[in-house]
Amino acid sequence: MKVNDYVLGRGGALDDLLATGFTHTFGSLAGNRALVEWLRDHNAAACPADRVHFHGFDLPTEMTSAPNPRPYLEHTRDYLALDWDIAALAGPDDDWSREEAVLDPACSPGATPASDRLRALADDLLSLLYVRAPALITATSRESWFRAHTHCTAALGLLRYHRTAATAADLRTRISLLSAVRDAQMARNLLDIRHRESTRGATLVSAHNLHLQRPLCTWSSPLTKLDWPSAGSILTAVSRDYFFIPSTTDALELPTPPPTTSWHLVSPKLLRAAPPRPTPHPDRGYFPLAQATIDTADAILQITDTTKTTNDLKDT
């Protein structure tokens, strides 16, 4: 929401936005800086109907931590003008955000009586948003109502995630469950975004291929193999206008692909997966395009020079 405010001409300094408006450290990427600058300039010269909005749809989690849902609940509470002491139930932020709270079920606050009470309160808040929607939107605006709705659903997503982190199971099962909760929330958020943007044309979505692909997500390592429903598989099942375009890039500094690899935008039906290229950076999570991903795609985008793309964006 901070990024959306900025590209629509509101908000504070760009550096502060990049530090706090993106999750997963994506604000540190030069391409994202160029993107929000370009969108702000574009919107400044466009009529209201042609302005581009910017929505986040992932959970505000990192790889091994998830924040306290308190600020999201408090925003919704304040919008509804309620006198509920959420901070006392939520407790210190570190109890939720420390790595142990996700990695060790015994340290998770997700299955405590206080967390159960917070989930009940979040559900009550969401119900009240709808019950009072006519009066609230008249007194404020549709944008303010949707902002409160986004905060509330973010809190519910985090509470579900923390509850799953408290599951006493082997690590493989827990990672699959947490990943499934994350992708399910991404799909729910995208449906909400499409509802808001349905009269303004198509919505371009950017995320890792694994999240958006139609097949299940699969993560293999020498020790284990994980799978869970991707956000794309959920959207394909419940939506009639979902199109999936996986992308590949040279940004991982992989070796030159074999001659049999296609570098053109063609119908996926004409492509066959090439052998995976070895990566000098295994910690970066290289996931090659699997045949199942190609077979269920609507098109494939190859980004061959990310530096040139960024510079071109600045000059456009």
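For the structure itself, look to the data block above.
Residues numbered from 1 in each chain as written. Predicted model: local features only at pLDDT ≥ 70, side-chain atom pairs only at ≥ 80, totals over all residues. Heavy atoms only, no water.

1. Some words on the overall build of the protein
Per the secondary structure count, the protein includes 15 helices and four strands. For the protein, the proportion of its 316 residues judged to be buried stands at 35%. Contacts spanning at least 24 positions in sequence make up 67% of the contacts within the protein whose residues lie at least 6 apart. Working note: accessible area of the protein is about 17600 Å², and carbon and sulfur atoms make up 57% of it. (Helix = DSSP H or I, 4+ residues; strand = E, 2+ residues; numbered from the N terminus. Buried < 20%, exposed > 50% of the residue type's maximum accessible area, 1.4 Å probe, protein only. Contact = heavy atoms within 4.5 Å. Areas by Shrake-Rupley, 256 points an atom, 1.4 Å probe, with all protein chains shown as cover.)

2. Examining the nonpolar core
In terms of nonpolar packing, the biggest core is built from 21 residues, with Leu73, Leu118, Leu129 and Trp145 touching the most fellow members. When residues of this core are assigned to their parent elements, the largest contribution, seven residues, is made by helix α10 (residues 142–165). If near-sequence neighbours (up to four positions away) are discounted, Leu73 is found in contact with Ile86, Leu118, Ala122, Leu125 and Ala155. One finds Phe57, Leu212, Phe244 and Ala297 within the second-largest nonpolar core, a separate group that totals eleven residues. (Core = buried A, V, L, I, M, F, W, Y, C linked by side-chain atoms within 4.5 Å.)

3. Examining helix α3 (residues 30–45)
In this model α3 runs 23 Å from its N-terminal to its C-terminal C-alpha over 16 residues, within 8% of the 22 Å that 1.5 Å per residue would give. All buried positions along α3 are accounted for by Asn32, Ala34, Val36, Leu39 and Asn43. (Expected span 1.5 Å × (residues − 1).)

4. Describing a negative patch on the surface
Taken together, Asp94, Asp95, Glu99, Glu100 and Asp104 make up a surface patch of like negative charges. The exposure class assigned to Asp104 is partly exposed, which follows from its relative accessible area of 32%. (Patch = residues over 30% accessible without salt bridge, like charges linked within 9 Å, V, L, I, M, F, W, Y side chains within 5 Å. Salt bridge = Lys/Arg side-chain N within 4 Å of Asp/Glu carboxyl O. Lys, Arg positive; Asp, Glu negative; His and termini not counted. Charge placed at Lys NZ, Arg CZ, Asp CG, Glu CD.)

5. A short note on the pattern of salt bridges
On inspection of all chains with the given rule, the structure shows twelve salt bridges. For Arg119, the salt bridge is made with Asp116, and the minimal N-O distance between the two is 2.5 Å. Residue Arg119 and its partner Asp116 are both found in helix α8 (residues 113–131); the two are separated by three residues, about one turn of the helix. Residue classification places Asp116 among the partly exposed residues on the basis of a relative accessible area of 35%. One network of salt bridges, in which partners are shared, links Asp5, Arg10, Glu143 and Arg147.

6. A word on the environment of Tyr242
On the secondary structure map, Tyr242 appears in the loop between α13 (231–238) and β3 (247–249). In the structure, Tyr242 is positioned 40 residues away from Ala202 in sequence and 10.0 Å away in space, judged by C-alpha atoms. Discounting chain neighbours no more than four positions away, the residues touching Tyr242 are Leu212, Arg214, Gly232, Leu235, Thr236 and Asp298. At 2.6 Å, the side chain of Tyr242 forms a polar contact with the backbone oxygen of Leu212. (Polar contact = N/O pair within 3.5 Å; in protein donor to acceptor, adjacent residues only side chain to side chain.)

7. Side note on the packing of aromatic side chains
Any aromatic ring pair is given by two values, namely how distant the centres are and how the planes are angled relative to each other. Overall, the coordinates contain three aromatic pairs when judged by the stated rule. A ring pair is formed by Phe22 and Phe54, whose centres lie 6.0 Å apart and whose planes are at 75°; its orientation type is edge-to-face. Of this pair, Phe22 sits in the loop between α2 (14–20) and α3 while Phe54 is found in the loop between α3 and α4 (70–79), placing the two residues 32 residues apart along the sequence. Arranged with centres 5.2 Å apart and planes meeting at 85°, the rings of Trp145 and Phe146 form a pair that is edge-to-face. Cluster of aromatic residues (ring-pair linked, three or more members): Tyr130, Trp145 and Phe146. (Phe/Tyr/Trp six-rings, centres within 6.5 Å; stacked < 30°, edge-to-face > 60°.)

8. Structural notes on the pairing of strand β2 (residues 225–228)
Burial along β2 is one-sided: the face carrying Leu226 and Trp228 is buried and the face carrying Lys225 and Asp227 is not. Taken together, the four bridges between strand β1 (residues 217–220) and β2 define a ladder with antiparallel strand orientation. Bridge pairing links Cys217 to Trp228 in β2. (Pairing = 2+ DSSP bridges.)

Take it as geometry only, folks, not as evidence of what the structure does.
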